[in-house]
Amino acid sequence: TVEENWASIIAGRSGLGPITHFDAKGRGFGTQIAAEVKGFDPLKRLGPKEVRRMDRVIQFAVIAAFDAVEHAKLAITPENAERVGVIVGSGIGGLATLEQQALVLAEKGPKRVSPFLIPMMIADMPAGQVSISLGAKGTNFCPVSACATSAHAIGEATENIRRGAVDVVIAGGTEAAITPLSIAGFGSMTALSTRNDEPQRASRPFDRERDGFVMGEGAAMLVLEELEFARARGATILGEVLGYGSTADANHITQPAPGGEGGVRAMRIALSDAGLRPEQIDYLNAHGTSTPLNETLETASIKTAFGEYAYRLPISSTKSMTGHLLGAAGALEAIYCLKAIETSIIPPTINYEFPDPTCDLDYVPNEPRRADLTHVMTNSLGFGGHNVSLILRKFGE
């Protein structure tokens, strides 16, 4: 649950451990650690036939959407269904199903390939299945922008509501890419940590000894509503999406632009959209993946966007505890920002032991921090040069 998860975050507990989905050690994978969802039983919320016809990435999405709608006490009825949209993204989609069925094709031939391969594999199907499961008939689509995916989902949901296309959007992301092919592929790029003997210390954003990200999995969903619609139904309002900035680096397939200039523009656009000055941001949830280049350039981008105030701005990376959920990361971190506002607690960056001279800002190292928060920013940066910044505000401020 959100509360259990947040309790772990503010306690600085890592969710990382050895991979159990497949035998990474026995098969000689360089990376043998990940942040797996533990104790997940889809049959507690879905029927056996549904489970068989949904990749894990879809199961995560549908169950997280159920939880979000229940938490919001939102009733989707024939009267309002056409005004309820779903924007749910996945960076990779149903990769486990694709891998399994590719083996079936190779070993048993085309007639043995499952007729459910395509609807279990394609990246838009989490959004489609959430819509089907909830009966939501408004706008429905799937952004795919690598690690910026679910931040884009929240931003585009906000824009759809602003222009009056819908009153409500279930927005977020889902990922289930702890698979042999994925770990091998990211490993071949040398993007993953190989700190296999101490997994809980492996994700260490901004630390000099960081050696790559740790793959995570899961889903995170938010219910976004037009203000008067929410008020009319007596909704409990957790916060407001105030600013959204989206840019491209147009630079390199994996490396951020020099100086993080694409991120700078995303942050500046979000600040302009929100009508805020840089010094009005009380906390920044960084992209902070624990890769050597990412934190250096993200730090540089924060300095450019915030000027001298960057040195007084509390910054943390919750990926130090969750690993990197790829397409689901942005939505998860937006939820952490809302919880930070609600509880007046800034989550820490754990495993920060060795200062890096290229990363010299306040990363809220190792311990949570009490603070009154009104405006918070969260950054998401994806392979391909996708940059998103979101600004959330304490409601009523």
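Residues numbered from 1 in each chain as written. Predicted model: local features only at pLDDT ≥ 70, side-chain atom pairs only at ≥ 80, totals over all residues. Heavy atoms only, no water.

1. Here we look at the overall build of the protein chain
Thought 1: A count of helical and extended segments in the protein chain gives 13 helices and 13 strands.
Thought 2: Relative to a compact globule of 397 residues, whose C-alpha radius of gyration would be 21 Å, the protein chain shows 20 Å and is just as compact.
Thought 3: The 397 residues of the protein chain split such that 55% are buried.
Thought 4: Restricting to contacts in the protein chain with at least 6 residues of sequence separation, those with at least 24 account for 77%.
Thought 5: Side-chain charges in the protein chain split into 36 positive and 45 negative, and the spacing between the mean points of these groups amounts to 4 Å. (Helix = DSSP H or I, 4+ residues; strand = E, 2+ residues; numbered from the N terminus. Rg over C-alpha atoms; globule rule 2.2 N^0.38 Å. Buried < 20%, exposed > 50% of the residue type's maximum accessible area, 1.4 Å probe, protein only. Contact = heavy atoms within 4.5 Å. Lys, Arg positive; Asp, Glu negative; His and termini not counted. Charge placed at Lys NZ, Arg CZ, Asp CG, Glu CD.)

2. Quick notes on the sheet that holds strand 12 (residues 375–382)
Thought 1: A sheet is described by the order of its strands in space; here five strands give the open sequence 7-13-12-8-9, paired in mixed fashion. The two strands at the open ends of the sheet, each matched to only one other strand, are strand 7 (240–248) and strand 9 (315–316).
Thought 2: Where strand 12 and strand 13 (residues 386–393) come together, eight bridges link them in antiparallel fashion. Bridge pairing links threonine 378 to leucine 390 in strand 13.
Thought 3: Lying over the sheet, helix 11 (residues 292–306) contacts strand 8 (283–285), strand 9 and strand 12, oriented at roughly 135 degrees with respect to strand 12.
Thought 4: On the sheet, helix 13 (residues 329–343) packs against strand 8, strand 12 and strand 13 and is oriented at approximately 165 degrees with respect to strand 12. (Pairing = 2+ DSSP bridges. Axes fitted to C-alpha atoms, helices over the stretch in contact; angles between N-to-C directions.)

3. What about the side chain of threonine 97?
Thought 1: In this fold, threonine 97 is placed in helix 4 (residues 95–108).
Thought 2: For threonine 97, a relative accessible area of 4% puts it in the buried group.
Thought 3: Not counting chain neighbours up to four residues away, the residues in contact with threonine 97 comprise Asp55, Leu117 and Met120.

4. Here we look at the layout of surface pockets
Thought 1: The space that makes up the second largest pocket amounts to roughly 450 Å³.
Thought 2: Along the walls of the second largest pocket sit 27 residues, with Thr254, Pro256, Thr291, Asn294 and Phe383 positioned nearest its centre.
Thought 3: Per-element tally for the lining of the second largest pocket: the top contributor is helix 11, with three residues. (1 Å grid on protein atoms, 1.4 Å probe; cavity = no way out; pocket = protein on both sides within 12 Å on 5 of 7 lines; lining within 4 Å. Points joined across faces, edges and corners; volume = space filled by probe spheres on them.)

5. Here we look at empty space enclosed by the protein
Unfilled space is identified by rolling a water-sized probe across the atoms.
Thought 1: Under the defined criterion, the tally for this structure stands at one cavity of 30 Å³ or more.
Thought 2: If you go around the largest cavity, the residues you meet are Asp249, Pro256, Gly260, Gly262, Gly263, Asn294, Leu297, Glu298, Ser301, Leu381 and Asn387.
Thought 3: Those elements that place two or more of their residues in the lining of the largest cavity are helix 10 (261–274) and helix 11.
Thought 4: Here the residues of the lining of the largest cavity are counted per class, giving three nonpolar, six polar and two charged. (Nonpolar A, V, L, I, M, F, W, Y, C, P; charged D, E, K, R; others polar.)

6. Focus: helix 11
Thought 1: Taking 1.5 Å of rise per residue, 15 residues should cover 21 Å, and helix 11 covers 22 Å from first to last C-alpha, within 8% of that figure.
Thought 2: Turning to helix 11, the residues buried within the fold contact helix 10, strand 8, strand 9 and strand 12.
Thought 3: One or two positions beyond helix 11, positive phi appears at glycine 307, with a value near 65 degrees. (Expected span 1.5 Å × (residues − 1).)

7. Considerations on the pairing of strand 13
Walk down a regular strand and you will see the side chains alternate between the two sheet faces.
Thought 1: Of all eight residues that make up strand 13, six are buried, and the element is covered over most of its length.
Thought 2: The pairing of strand 7 with strand 13 spans eight bridges and is antiparallel. The residue of strand 13 that forms the bridge with glycine 243 is isoleucine 391.
Thought 3: Where strand 12 folds back on strand 13, the antiparallel hairpin that results is connected by three residues, among which glycine 384 adopts a positive phi of roughly 100 degrees.

8. Concerning the nonpolar core
Thought 1: Within the largest apolar cluster, 39 residues are counted, with the highest numbers of intra-cluster contacts made by Ile154, Val169, Leu222, Leu224, Leu373, Val376 and Leu392.
Thought 2: Within the residue set of this core, elements represented by two or more residues are helix 1 (2–10), helix 7 (149–162), strand 5 (168–175), strand 6 (218–225), helix 13, strand 10 (345–346) and strand 13.
Thought 3: For this core, the element with the most residues is helix 13, which contributes ten residues.
Thought 4: By size, the runner-up hydrophobic cluster in this structure holds 28 residues, among which are Leu74, Val84, Leu134 and Ile170. (Core = buried A, V, L, I, M, F, W, Y, C linked by side-chain atoms within 4.5 Å.)

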